[in-house]
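Fold and geometry: a report
Read off the chains here:
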Protein chains: 4
Amino acid sequence: MSKYQRIKQEAFEANMQLPKLGLVLFTFGNVSSADRSLGVFAIKPSGVPYKDLSPEAMVIVDFEGHTIEGDLRPSSDTLTHAVLYKNWVNVNGIVHTHSTYATAWAQSQRDIPIYGTTHADHLTVDIPCASPMDDEMIQGDYEHQTGHQIINCLAARNLSYTDTEMILVGNHAPFTWGKTAEKAVYNSAVLESVAQMAYLTEQIRPDVQRLKSSLIKKHYERKHGPLSYYGQS
Amino acid sequence: MSKYQRIKQEAFEANMQLPKLGLVLFTFGNVSSADRSLGVFAIKPSGVPYKDLSPEAMVIVDFEGHTIEGDLRPSSDTLTHAVLYKNWVNVNGIVHTHSTYATAWAQSQRDIPIYGTTHADHLTVDIPCASPMDDEMIQGDYEHQTGHQIINCLAARNLSYTDTEMILVGNHAPFTWGKTAEKAVYNSAVLESVAQMAYLTEQIRPDVQRLKSSLIKKHYERKHGPLSYYGQS
Amino acid sequence: MSKYQRIKQEAFEANMQLPKLGLVLFTFGNVSSADRSLGVFAIKPSGVPYKDLSPEAMVIVDFEGHTIEGDLRPSSDTLTHAVLYKNWVNVNGIVHTHSTYATAWAQSQRDIPIYGTTHADHLTVDIPCASPMDDEMIQGDYEHQTGHQIINCLAARNLSYTDTEMILVGNHAPFTWGKTAEKAVYNSAVLESVAQMAYLTEQIRPDVQRLKSSLIKKHYERKHGPLSYYGQS
Amino acid sequence: MSKYQRIKQEAFEANMQLPKLGLVLFTFGNVSSADRSLGVFAIKPSGVPYKDLSPEAMVIVDFEGHTIEGDLRPSSDTLTHAVLYKNWVNVNGIVHTHSTYATAWAQSQRDIPIYGTTHADHLTVDIPCASPMDDEMIQGDYEHQTGHQIINCLAARNLSYTDTEMILVGNHAPFTWGKTAEKAVYNSAVLESVAQMAYLTEQIRPDVQRLKSSLIKKHYERKHGPLSYYGQS
């Protein structure tokens, strides 16, 4: 059995969640799962339908983006995953989708304002939308640059990748991450739900205001940090 | 067998209805079922996925919010349920969800206007949206205060909890209740449908007017009160 | 076997289509099927969940609205069905739902404008929305009056019930009909789809114009009348 | 076994994908599959429910629109397919649906602007909406003219049918095509998703701008042409 079996299995299971959660059409998404001790991640092969996936079909890639094991070509977004894993040492799972509502916000090049507690249960700030890249970066190593575009957007806003586990890439679509591939998939579904609610909220009340800070703090701390009291632990 | 078996079973079955009705994503919801003779209610454990629930996993809590039986931590919203049960003696089931359309109205801090007979079949007034709490209340015993926020909102509008079995908590999400947990779940699904229809109605006709009082009265009385003639009985 | 077995079976099967087609929540809908030779129709019992229905549960009612056979109380909308059957001799199936988009148009008290060929494949005019009744009529024999409200709306617009097999009752919800219960259900699904498309069309282009008459005529005649060439026959 | 067995099977399978992908209500759609060596295509019979279809039910038609084999009447849109096959020698599959969002754009008589990479992954231009025909053409050989309406629209905009595999017919609904019937169905689903995203994008940001050309070029070339690196090959 491959020493990469654990992450192949995790990447496979996490990828299979995307169609079940209604987050992808055809092959428009990918999940990876990293093994920090081995310095690699397992990622979906490019363009393979979900019904044809198996743990064995996952491709093993290192944090420079080199394929280490696997017969198939890895996802065309592999270099974006590699850059994020290389720079964010506490991330072990990354997801990219073109989920409908999150993608519509990305196409609008707008951050998703924090309008309610569903949002505040997961992060305390607007969900950032990174500006599209310069033309030189697009024509260069595009997927590699997408990783830096994401990192730079968080840095420019003084956001930590451990607190803010989701982003919109302007004109493109969302990326999410987390301590595990499963958590990154969870974040993709949360983002899609929050994106739909924020859209509807603005339609119902165009002059809607953001959530006040005391409520943001309360809800976030219910689920995160030393005083959290949500879930079992 | 536990003397709480009936309400554990009812709470379990009612909780399992939430994902089937499309009212929750992951664990974003909870249902409780009360036994008035024993002075307790059974509620979903916090953060446990629906697929892992069982009647035995339900937590038994008294109307002060103390856990009476169960190995798991109860829902983080337990104190809100406790306050409502303590104050509303005819309520035996309570539901909290973040269902999409109802939550969008809550985020908008708007009551849902009574635009049609689907609404009037269930209540005669706009579905109230309680204003967000003061900062001191948020920083205090938040879930306890949420219960009072709901009770005070109905009181301020002269609404009876037996006639109006649903509310939006501003910036947050809906709560519904009823004589049984099953009825409270029914009310959550009705609220979500009415919320979607009201949203669409305003999009189709921005200057739409509320239903006239004769039609509200007729539809409500078809289903409620001594002259009702809907259903079997 | 009851001499009403055929229409009981047809009414049962047609009712069971409503949840499959996504046209009803809980029990918010009903279908009836008429036998002209016996002067009766079979209709869903009031408030019974779809999962508990059977052909035997259908109630047999005459065109005056009197129950002829059956242990259960018929749908609360039974008198509306009776009035329509009594007046419209070529109708053998009637459906009432609160389907989301059609109901939103009804709540808006707007006709659904004919914006495309999906609409023109089924009728050549805007789908009419009947104005709400006078207060006296509401307080009187409401369901009976709803039947007349529908008949009068078509008459006032010079529409034939054989050409226009659907209507919105203002503030309330849609009714559809047809030569069979199955066709009436088909019309309910078509209406819901056309209602959603018309809503989206106005959102995408607020100054959209109606379909031109040559295209209406062409599409309607492809499917209806002596020169039709759609389907097998 | 019929010499047309391969295209009958392909047309059958492709037709069955339409309801699975949520692109059709009842029989409102059709797919055909061509065999260039035999000069014919297999197409869905008119008005037959998807559940009653089989490979044997497919009708074989030549590129003039004459039925060659089959007991049933072919789709009422058959002449449109025939004209496109006759003129576009590299097309072997054609799909027509009334999918909800694409049809709403067609009813609005608007091209779908290229707002994001989901669109640019598939084509580099706005998805064209052909203007409605003149009245004489409508009253003449309508389905034949629809084929020419599509061809003329692409020609007027200097678009190649091998690069732009989808179109909206104004006031009507979408047509898509491709090298295989399967690819044409894929294009119909992509179009519906892009149509929904573009609608939402304009709602979220009414002054949204099109994607810049460098990003269009990058995404299109990732998936198409000699430098593509998406998928396995």
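Residues numbered from 1 in each chain as written. Chains lettered and ligands numbered in written order. Predicted model: local features only at pLDDT ≥ 70, side-chain atom pairs only at ≥ 80, totals over all residues. Heavy atoms only, no water.

Looking at the arrangement of the chains
So the rule is basically this: The contact criterion used throughout is that any non-hydrogen atoms of two residues lie within 4.5 Å.
Note that chain A does not reach chain C: the shortest distance linking a C-alpha of one to a C-alpha of the other is 11 Å. Where chain B comes nearest to chain D, the C-alpha atoms are still 11 Å apart, and the two do not contact one another.

Overview of the interface of chain C and chain B
What counts is decided by this rule: Put simply, buried area is the surface a 1.4 Å probe can reach on two separate parts but cannot reach once they are joined, added for both. Here, a salt bridge means any side-chain nitrogen of Lys or Arg that lies within 4 Å of a carboxyl oxygen of Asp or Glu. Counted as a polar contact is a pair of N or O atoms within 3.5 Å, where, for protein atoms, one must be capable of donating a hydrogen and the other of accepting one, and residues adjacent in sequence contribute only when both atoms are in side chains. Helix numbering and strand numbering both begin at the N terminus, where a helix is a DSSP run of H or I of at least 4 residues and a strand a DSSP run of E of at least 2. Each residue gets one of three labels, nonpolar for Ala, Val, Leu, Ile, Met, Phe, Trp, Tyr, Cys and Pro, charged for Asp, Glu, Lys and Arg, and polar for the others, Gly among them.
Taken together, the 37 residues of chain C in the interface contact 35 residues of chain B. Looking only at chain C, the three residues that lose the most surface to chain B are R73, Q107 and N171 of chain C, adding up to 20% of its buried area. Joining chain C to chain B, the criterion identifies three salt bridges. When the shortest N-O distance is used, the salt bridge between R222 of chain B and E143 of chain C registers 2.5 Å. Taken together, the connections running from chain C to chain B amount to 21 residue pairs in polar contact (both at pLDDT 80 or more). Of all the secondary-structure elements, those providing two or more residues to the side of chain C that touches chain B are α3 (100-107), α5 (135-139), α6 (142-156) and α7 (181-204) of chain C. With six residues, α3 of chain C is the single largest residue contributor to the side of chain C that touches chain B. For the side of chain C that touches chain B, the per-class residue count stands at 14 nonpolar, 16 polar and seven charged.

Structural notes on the interface of chain A and chain B
Counting residues at the interface gives 35 residues for chain A, matched by 37 residues for chain B. Interface area for chain A against chain B, summed over the two sides, is near 3,100 Å², with a carbon-plus-sulfur share of 54%. In this assembly, chain A and chain B are joined by three salt bridges. Its salt-bridge partner being D135 of chain B, residue K212 of chain A comes within 3.2 Å of it at the nearest N-O pair. At the level of secondary structure, the elements contributing two or more residues to the side of chain A that touches chain B comprise α4 (117-120), α7 (181-204) and α8 (213-223) of chain A. Along the lines of polarity and charge, the residues of the side of chain A that touches chain B split into 15 nonpolar, 14 polar and six charged.

With respect to the packing of aromatic side chains
Just so we agree on the cut-off: In this analysis, rings of Phe, Tyr and Trp, with Trp reduced to its six-membered ring, are considered paired at centre separations within 6.5 Å, and the interplanar angle assigns stacked below 30 degrees, edge-to-face beyond 60, and tilted for intermediate values. Any residue under 20% of the maximum accessible area for its type is buried, any over 50% is exposed, and the rest in between are partly exposed; the area is computed with a 1.4 Å probe on protein chains only. Only Lys NZ and Arg CZ are tested; either one counts as a charge over a ring when it is within 6 Å of the ring centre and within 35 degrees of the ring normal.
With the rule as written, the count across this model stands at 36 aromatic pairs over all chains. Ring centres 4.9 Å apart and planes at 5° place the aromatic pair W88 of chain B and Y161 of chain B in the stacked group. In this pair, W88 of chain B is assigned in the loop between α2 (78-87) and β5 (93-97) and Y161 of chain B in the loop between α6 (142-156) and β7 (166-169), connecting sequence segments 73 residues apart. Just as W88 of chain B is buried, Y161 of chain B falls in that class too. Seen in terms of ring centroids, F26 of chain C and F28 of chain C are 6.2 Å apart; in terms of plane orientation they differ by 65°. Their pairing is edge-to-face. Exposure remark for F28 of chain C: the relative accessible area of 9% places this residue in the buried category. Each residue in the set F26 and F28 of chain A together with Y186 of chain D is aromatic and connected to the rest through ring pairs, giving one cluster. The lysine or arginine in question, K223 of chain A, covers the ring of Y230 of chain A, its NZ or CZ lying 4.3 Å from the ring centre. One cation-aromatic arrangement involves K44 of chain D over Y50 of chain D; the distance from NZ or CZ to the ring centre is 5.0 Å.

Quick notes on the pattern of salt bridges
Pairs may arise between side chains of opposite charge once their charged atoms sit close together. All names here are of chain A. Under the definition given, this model contains 56 salt bridges over all chains. Of the charged contacts, one joins K8 and E69 as a salt bridge, the two residues approaching to 2.6 Å between their closest N and O atoms. On the criterion of sequence distance, the pair formed by K8 in helix α1 (residues 5-20) and E69 in strand β4 (residues 67-69) is long-range, its members being 61 residues apart. Overall, K8 belongs to the buried group, its relative accessible area being 7%. The class for E69 is partly exposed, based on a relative accessible area of 29%. Three or more residues joined by partner-sharing salt bridges are found here, namely R6, E10 and D35.

Let's talk about the UniProt feature "domain: Class II aldolase/adducin N-terminal" (unreviewed entry) in chain A
Note the following rule: UniProt positions are given in the numbering used here, feature names are shortened, and annotations may be inferred rather than shown by experiment.
With numbering matched to this structure, UniProt assigns "domain: Class II aldolase/adducin N-terminal" (unreviewed entry) to residues 9-199 of chain A. The distance from the first to the last C-alpha atom of residues 9-199 of chain A is 36 Å, and the span holds 38% helix and 18% strand.

What about the relation of the copies chain C and chain B?
Defined as follows: Here the copies are superposed with least squares, the fitted atoms being C-alpha atoms of residues at a pLDDT of at least 70 in both.
With an axial shift of 0.0 Å and an RMSD of 0.0 Å, the rotation relating chain C to chain B amounts to 90°. The superposition operator between the copies reduces to a four-fold rotation axis. For chain C, the smallest separation between a C-alpha atom and the rotation axis is recorded for Q203 of chain C, amounting to 5.7 Å. Here only 5% of the contact residues of chain C are again contact residues in chain B; the copies associate through non-equivalent surfaces.

Regarding the sheet that holds strand β8 (residues 174-178) of chain C
Residue and element names in this part refer to chain C. Rules: Two strands form a pair only when DSSP identifies at least two bridges running between them. Angular values range over 0 to 180 degrees, each being the angle between N-to-C directions of two axes fitted as lines to C-alpha atoms, with helices fitted over their stretch in contact.
Strand order in the open sheet formed by eight strands is β4-β3-β2-β1-β5-β8-β7-β6, with mixed pairing between adjacent strands. Each having just a single partner strand, β4 (67-69) and β6 (129-130) make up the two edges of the open sheet. Pairing of strand β2 (residues 40-43) with strand β3 (residues 59-62) involves four bridges; the strand directions are antiparallel. The residue of β3 that forms the bridge with I43 is V59. Packing of helix α1 (residues 5-20) onto the sheet brings it into contact with β1 (29-35), β2, β3, β4 and β5 (93-97), and relative to β1 it is tilted by some 155°. Strands in contact with α7 are β1, β5, β7 (166-169) and β8; relative to β8, the strand with the most contacts, it is inclined by about 140°.

Focus on helix α2 (residues 78-87) of chain D
All names here are of chain D. For α2, a buried count of seven out of ten residues is recorded, marking the element as mostly surrounded by other parts of the structure. If you check which residues of α2 are buried, you get T78, T80, H81, A82, V83, L84 and Y85. Elements that come into contact with the buried residues of α2 comprise β1 (29-35), β2 (40-43), β3 (59-62), β5 (93-97), α6 (142-156) and β8 (174-178).

What about the state of the cysteines?
Residue and element names in this part refer to chain D. Threshold: In plain terms, two cysteine sulfur atoms within 2.5 Å form what is called a disulfide here.
Applying the stated criterion across every chain yields a total of zero disulfides over all chains. Left without a disulfide partner, C129 is nearest to the cysteine sulfur of C153, which lies 7.6 Å away. Relative accessible area serves as the criterion here: at 6%, C129 is assigned to the buried category.

Side note on the relation of the copies chain A and chain B
For the pair chain A and chain B, the best superposition has an RMSD of 0.0 Å and corresponds to a rotation of 90° with a translation of 0.0 Å parallel to the axis. Of the interface residues in chain A, just 6% have counterparts in chain B that sit at the interface too, so the contact is made through distinct surfaces.

A few points about the packing of helix α7 (residues 181-204) of chain B against α7 of chain C
Stated precisely, the cut-off is as follows: Every angle not falling under 35 degrees, over 145, or within 65 to 115 is termed oblique; those three ranges are roughly parallel, roughly antiparallel and roughly perpendicular. Each helix crossing is assigned a hand: it is left-handed if the near helix lies turned anticlockwise from the far helix by less than a right angle, otherwise right-handed if that turn is clockwise.
Packing of α7 of chain B against α7 of chain C leaves a shortest axis separation of 10 Å and a crossing angle of 50°. Judged by the inter-axis angle, α7 of chain B sits oblique to α7 of chain C. In the crossing of α7 of chain B with α7 of chain C, the sense of the turn from one axis to the other is left-handed. The residues of α7 of chain C that touch α7 of chain B, namely those facing Y199, L200, Q203 and I204 of chain B, are Y199, E202 and Q203 of chain C.

Description of the pairing of β8 of chain C
All names here are of chain C. Most of β8 sits out of view: five of its five residues are buried. A two-sided burial pattern is seen for β8, the buried positions comprising P174, T176 and G178 on one face and F175 and W177 on the other. Taken together, the four bridges between β5 and β8 define a ladder with antiparallel strand orientation. Bridged to H96 within β8 is F175. Sheet topology places β7 next to β8; three bridges connect them, and they run antiparallel. If you follow M166 over to β8, its bridge partner there is T176. As consecutive antiparallel partners, β7 and β8 are separated by four residues, and within that stretch N171 has a phi angle of approximately 70°, a positive value.

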